[in-house]
There are 2 protein chains.
Amino acid sequence: MAGIRDVAAKAGVSVGTASRALNGTGPVSAAARERVERAAKELRYVASYTATALKSGRSRNIGVILPAIDRWFYGKVVTGIADELIDVGYELALYNTQGSHEHQEAVLGDYLWRQRLDAVIPVSLQLSAAEITRLLSMDRPVVGVGGPMPGVLTVSIDQSATGALATAHLIGLGHREIAHVTGGTDPERDFHLTDSRRGGFEGEMSRAGLQVRDDWVLRSDFTLGDSYRQAKVLLSGRERPTAVFAASDEMAMGVILAARDLGLRVPDALSVVGVDGHEMGEAFGLTTIRQFPERQGARAAQRLLTHLADPPPPDDINLHEVLPTELVVRSSTAAPGE
Amino acid sequence: MAGIRDVAAKAGVSVGTASRALNGTGPVSAAARERVERAAKELRYVASYTATALKSGRSRNIGVILPAIDRWFYGKVVTGIADELIDVGYELALYNTQGSHEHQEAVLGDYLWRQRLDAVIPVSLQLSAAEITRLLSMDRPVVGVGGPMPGVLTVSIDQSATGALATAHLIGLGHREIAHVTGGTDPERDFHLTDSRRGGFEGEMSRAGLQVRDDWVLRSDFTLGDSYRQAKVLLSGRERPTAVFAASDEMAMGVILAARDLGLRVPDALSVVGVDGHEMGEAFGLTTIRQFPERQGARAAQRLLTHLADPPPPDDINLHEVLPTELVVRSSTAAPGE
């Protein structure tokens, strides 16, 4: 395998010039750079990034920490991040805490230090103030996805507005008896997200003078299966809602399956709206608030890369960036049947 | 932040001894090792793995290359790998080719070399002979997930047997008019997988003296939505099958949704069986062949770690390891209705 010496010899420059040209770590003439790059290409020279990292202090490695990877939202966010990074030659170091606080501790306390990461993207992590301080003490750019964190650059949708938008859609259609499937039982999820969407629901109900019934707020775990089981109980009751707002599309699809199993037609007997824009929603005719998680991941990566290239002055930093969502109306919502 | 010198001073040993004790790179007495480890812990010393990697040639970093991360199978495989690695302090470098051959080229030709990876796990990649040669020329352990690759350690289920098992289940129930939803239109998927499952279906049909109708083999892309649309056309035809074997649970769920939309009761008018063991399948009552992808990922990581700790002699290597699957019978399959 060709080394930097071979490249320098072939290009007719010193090793130092070849190194500066390839690593962008110092001044070098355009002509020399071109010769070095051609030589490197011809020799199939690939720098050892481990060695380069030691010298430049840059590893071109971004750490992504998340509580799960086998869930729709996280898979999409990581896809968005990976897509941005691959094009600029950055690596992605994945840390899956699996919702375990012990793993999160290990990652924040040790893993992140060991590998020289240029920057870190925590996704939907519930971090304590001490953990945030520790993360920021790495003195590397941090951009979070999922919700505001004190002192940290973040990218997310407005969770509360999302809940309000979904609820307003149902109220606008004439619904007054509205149930909500929220999160809260899934240790892998950030509670703020769930609470914020629920807050949006409650706020909108209250504005319309409608009552939120405690027994019509189902605490689920963001899975289709659990929501399905709970919705079956809810919809089998003597009194039942004419509409359900579920805090995720998977949970909304669970409600639709439960309704169908009970012979309740959607939307005639029950309107259902979710949040996500899950691909599967289309076959269910699911009305939803699309949240484009790939864009959230991509935007976080872009902010990091910008920051690495040219750190903005502290005052200039818009800490929390809110990305837009979109109401997609399909066939699962309509005016309540008589 | 404490350096190796501080640790050595506190432990009362030389820097060389402290380094050997912490990195396991040479002989050191048990007593010295214990003192060094205690000192490191008290000082919250964390080795720079970049520096350690240069010296030891080990980065404790495993590369995982896959064609997508936002699909059920891949999310589960990565979860299984990450779970094994986090406990032993290995890092996971994620390379998502997004099904782009250009990205795959970049990863194999450049990315993998740059970072010093201890080992590589390609997941369901369609690699050419040249690409496999290049991968093996890194002289690092490689364990693939998804199917046999010439000369490479691999872990997977028996795709053909899976297709045969699902088909035999339907035939055993008395079905003779059986359709198949296969893959083939998704560039992100390994074609071998699809062809092998389909081969199992065709073999079992043939053994039972049953005919495979070309117009009843739907080429889909492993998504619920596409299978739903295609199944709607199939099931609206004048002649229709009494059973469908779909090569994935998502596609099987698409068939069930299509049947319901057309007023066909499952399983009375149509039996449906899938492959995966997708969590969502339960709410659909879906009969399936569970394939435990987390175990596939975990097993690949275990083989790699064993290999790294103690490389087996070449003759000893069982190149392709087949993991078991499990038929789970739920309510989507039954004897054909009259």
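Up top is the structure.
Residues numbered from 1 in each chain as written. Chains lettered and ligands numbered in written order. Predicted model: local features only at pLDDT ≥ 70, side-chain atom pairs only at ≥ 80, totals over all residues. Heavy atoms only, no water.

Asker: Describe the sheet that holds strand 5 (residues 153-156) of chain A, and please don't skip the residues or the numbers.
Answerer: Residue and element names in this part refer to chain A. Strand order in the open sheet formed by three strands is 4-5-11, with parallel pairing between adjacent strands. Looking at which strands have only one partner, the edges of the open sheet turn out to be strand 4 (143-145) and strand 11 (320-322). Ignoring which end each strand starts from, the neighbouring axes of this sheet average 20° apart. As defined by bridge partners, strand 5 adjoins strand 11 across three bridges and the pair is classed as parallel. Bridge pairing in strand 11 places S156 opposite V322. (Pairing = 2+ DSSP bridges. Helix = DSSP H or I, 4+ residues; strand = E, 2+ residues; numbered from the N terminus. Axes fitted to C-alpha atoms, helices over the stretch in contact; angles between N-to-C directions.)

Asker: Before we move on, can you summarise the packing of aromatic side chains with the specific residues and values?
Answerer: Counting across every chain of the model gives five aromatic pairs over all chains. Ring centres of F201 of chain B and F245 of chain B lie 6.3 Å apart, and the angle between their planes is 45°; on these two criteria the pair is classed as tilted. Of this pair, F201 of chain B sits in helix 9 (residues 191-207) while F245 of chain B sits in strand 8 (residues 243-246), and the two are 44 residues apart along the sequence. F245 of chain B shares its class with F201 of chain B; the two are buried. The lysine or arginine in question, R295 of chain A, covers the ring of F292 of chain A, its NZ or CZ lying 3.8 Å from the ring centre. (Phe/Tyr/Trp six-rings, centres within 6.5 Å; stacked < 30°, edge-to-face > 60°. Buried < 20%, exposed > 50% of the residue type's maximum accessible area, 1.4 Å probe, protein only. Lys NZ or Arg CZ within 6 Å of the ring centre and 35° of its normal.)

Asker: Would you mind going over the environment of T287 of chain B in detail, with residue names and values included?
Answerer: Residue and element names in this part refer to chain B. Of note, T287 is situated in strand 10 (residues 287-290). When the C-alpha positions of T287 and V328 are compared, they lie 5.6 Å apart, and in sequence the two are 41 residues distant. Those residues in contact with T287 that lie beyond four places of it in its chain are H169, V272, V273, G274, L327, V328, V329, R330, S331, S332 and T333. (Contact = heavy atoms within 4.5 Å.)

Asker: Before we move on, could you go through the packing of helix 1 (residues 4-11) of chain B against helix 3 (residues 30-42) of chain B and cite the residues and values that matter?
Answerer: Residues and elements named next belong to chain B. Running from amino to carboxyl end, helix 1 crosses helix 3 at an angle of 125°, the nearest separation of the two axes being 8 Å. What the angle tells us is that helix 1 and helix 3 run oblique. Between helix 1 and helix 3 the crossing geometry is right-handed. Judged by residue contacts, V7, K10 and A11 of helix 1 engage R35, V36, A39, A40 and E42 from helix 3. Class assignment for the residues of the contact of helix 1 with helix 3 results in five nonpolar, no polar and three charged. (Parallel < 35°, antiparallel > 145°, perpendicular 65-115°, else oblique. Left-handed = near helix turned anticlockwise from the far one by under 90°. Nonpolar A, V, L, I, M, F, W, Y, C, P; charged D, E, K, R; others polar.)

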